[in-house]
Amino acid sequence: AMTAAKAAARPGDAVLLSLMNQYTPVLAELVHQLDAPGNGLFIHVDGKADIGAFAALGKTGRVCFVEPRTKVYWGGFGMVESTLRLFSATRDGGFRYVVLISGDTLPLRPCGQIHDFLEACYPRQFADMQPELHITELTQKMQWCHYPDRNDWIGRLPGYFRKRLYKRLRPGDNPYFRTLPPLEKGSNWIVVTDRFRDFVFDYLRTHPDYIRAFRHSHCGDEIFFQTLMGISEFAGANTRRPLVFTRWVGEGAPHPETFGTNDLPRLLQARDTAAEVPYLFARKIADDLDIARYRAAFFPRPE
């Protein structure tokens with residue numbers, strides 16, 4: 001059953017942890033750094049994972065494991081479904097911001113500074129948007145049907161073979177594609193207000209074809225919330241920039257770089273780069289990061 005997170009006396013932040021498929025020291029450190037009064041920590045553990053491995057995270061009263069759990073497969077609708085469950089879990093907590101991040105993320109600033117920054121920014125939105133969506137990518141992701149969530153055995157194959165089989169299983173046009181509003185695309189890791197979260201559920205209630213159109217999309221999680229932001233009254237308050245620092249590497253299909261202990265100076269530089277929209281978090285962080293050196297670099301004790 002879902003555990004209720006306690007709301008603070010002043011409006012707080014709800015931190016939504018998604019894509020949890022294994023317990024790591026980085027995940028434990030992330031929860032440790034964000035376990036503070038005023039925060040609610042909502043965790044969705046992949047339905048394919050052993051939730052018992054995450055039991056240590058539940059020792060704080062601010063952690064809520066969201067049930068029921070969704071089996072999440074790369075490119076499938078499960079990522080959207082699990083995010084919606086996370087959003088829904090925050091609705092009764094009095095939280096003003098919801099911060100969606102993954103378990104391979106770490107904060108670049110103390111929790112109090114993050115909270116103060118968001119409190120001062122309300123009601124700005126921080127949903128990253130790409131300047132434009134290439135028509136070929138649009139067709140591949142949304143106009144054609146995909147069925148990765150229905151083929152569990154395919155989901156266990158190496159990525160290259162999995163993608164080729166998914167394309168062969170694609171039966172034709174998505175019949176709900178024409179019902180969609182103008183599409184937007186960006187990073188999954190968004191920071192949005194309670195007002196936008198509520199708008200999402202209001203829109204889905206009155207536009208059931210929106211869910212139907214995305215149910216068989218490919219990587220639709222990168223489009224689902226950005227598109228809703230683009231048609232909402234909050235679009236003008238959206239910075240279109242992320243609060244999570246990510247460096248994309250590789251040609252053709254870039255992937256996020258993994259930062260290790262030797263990259264801590266680079267992350268400090270990213271944090272301290274003057275910008276209207278600063279970086280509050282960074283990903284992807286290597287599982288073997290030296291946590292002691294991370295703490296010494298980002299949260300040094302006063303002499």
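Only a predicted model underlies this, so the values are computations on that prediction, with no experimental measurement involved.

Draft legend 1. Local environment of the confidence of the model for the chain. The pLDDT averaged across the chain works out to 87; a share of 89% of its residues lies at or above 70. Predicted confidence is poor over residues 1-10, with pLDDT under 50, and the contacts of this stretch with residues over four places away or in other chains come to 17 contacts.

Draft legend 2. Molecular detail of the sheet that holds strand E5 (residues 105-107). Pairing within the open sheet is mixed, and its 3 strands lie in the order E5-E10-E7. The open sheet has two free edges, formed respectively by E5 and strand E7 (244-245), since each of these has just one partner strand. Across 2 bridges, the pairing between E7 and strand E10 (residues 281-283) is parallel. Residue Phe245 lies in a different strand from E10, and its bridge partner there is Ala282.

Draft legend 3. Spatial organisation of helix H2 (residues 78-89). End to end, H2 covers 17 Å across 12 residues, agreeing with the expected 16 Å (1.5 Å per residue, within 8%). Among the residues making up H2, those that are buried are Gly78, Met79, Val80, Ser82, Thr83, Leu84, Leu86, Phe87 and Ala89.

Draft legend 4. Geometry of the pattern of salt bridges. By the definition in use, this model includes 19 salt bridges. One salt bridge in this structure joins Lys48 and Asp46, with 2.7 Å as the shortest N-O distance. Between Arg271 and Asp272 there is a salt bridge, and its shortest N-O distance comes to 2.8 Å. A residue is classified by how much of its surface remains accessible, and Asp272, at 49% relative accessible area, is partly exposed. Here the salt bridges do not stand alone but share partners, grouping Glu137, Lys141, Lys185 and Glu222 into one network.

Draft legend 5. Looking closely at the packing of helix H8 (residues 208-215) against helix H9 (residues 224-231). Interhelical geometry of H8 versus H9 gives an angle of 145° and a closest axis separation of 11 Å. Crossing angle aside, the handedness with which H8 passes H9 is right-handed. Across from Tyr210, Ile211 and Phe214 in H8, the residues of H9 making contact are Phe224, Thr227 and Leu228. In terms of residue class, the contact of H8 with H9 is built from 5 nonpolar, 1 polar and no charged.

Draft legend 6. Looking closely at the pairing of strand E4 (residues 95-102). With 7 of 8 residues buried, E4 is to be regarded as a mostly interior element. Taken together, the 3 bridges between E4 and strand E6 (residues 191-193) define a ladder with antiparallel strand orientation. Of the residues in E6, the one forming a bridge with Tyr97 is Thr193.

Draft legend 7. Quick peek at the pairing of strand E2 (residues 39-45). Most of E2 sits out of view: 7 of its 7 residues are buried. Side chains of E2 alternate between two faces, with Asn39, Leu41, Ile43 and Val45 and Gly40, Phe42 and His44 buried alike. Alignment of E2 against strand E3 (residues 63-65), held across 3 bridges, turns out to be parallel. Note on E3: the bridge partner recorded for Leu41 is Val63.

Draft legend 8. Spotlight on unusual backbone geometry. The linkage connecting Glu67 with the following residue, Pro68, adopts the cis geometry, with an omega of -5°. By the element assignment, Pro68 lies in the loop between E3 and H2. Of note, Cys219 is a non-glycine position whose phi angle comes to about 60°, a positive value. Locating Cys219 in the fold gives a position in the loop between H8 and H9.

Conventions adopted
- Residues numbered from 1 in each chain as written.
- Predicted model: local features only at pLDDT ≥ 70, side-chain atom pairs only at ≥ 80, totals over all residues.
- Heavy atoms only, no water.
- pLDDT = per-residue confidence, 0-100.
- Contact = heavy atoms within 4.5 Å.
- Pairing = 2+ DSSP bridges.
- Helix = DSSP H or I, 4+ residues; strand = E, 2+ residues; numbered from the N terminus.
- Expected span 1.5 Å × (residues − 1).
- Buried < 20%, exposed > 50% of the residue type's maximum accessible area, 1.4 Å probe, protein only.
- Salt bridge = Lys/Arg side-chain N within 4 Å of Asp/Glu carboxyl O.
- Axes fitted to C-alpha atoms, helices over the stretch in contact; angles between N-to-C directions.
- Left-handed = near helix turned anticlockwise from the far one by under 90°.
- Nonpolar A, V, L, I, M, F, W, Y, C, P; charged D, E, K, R; others polar.

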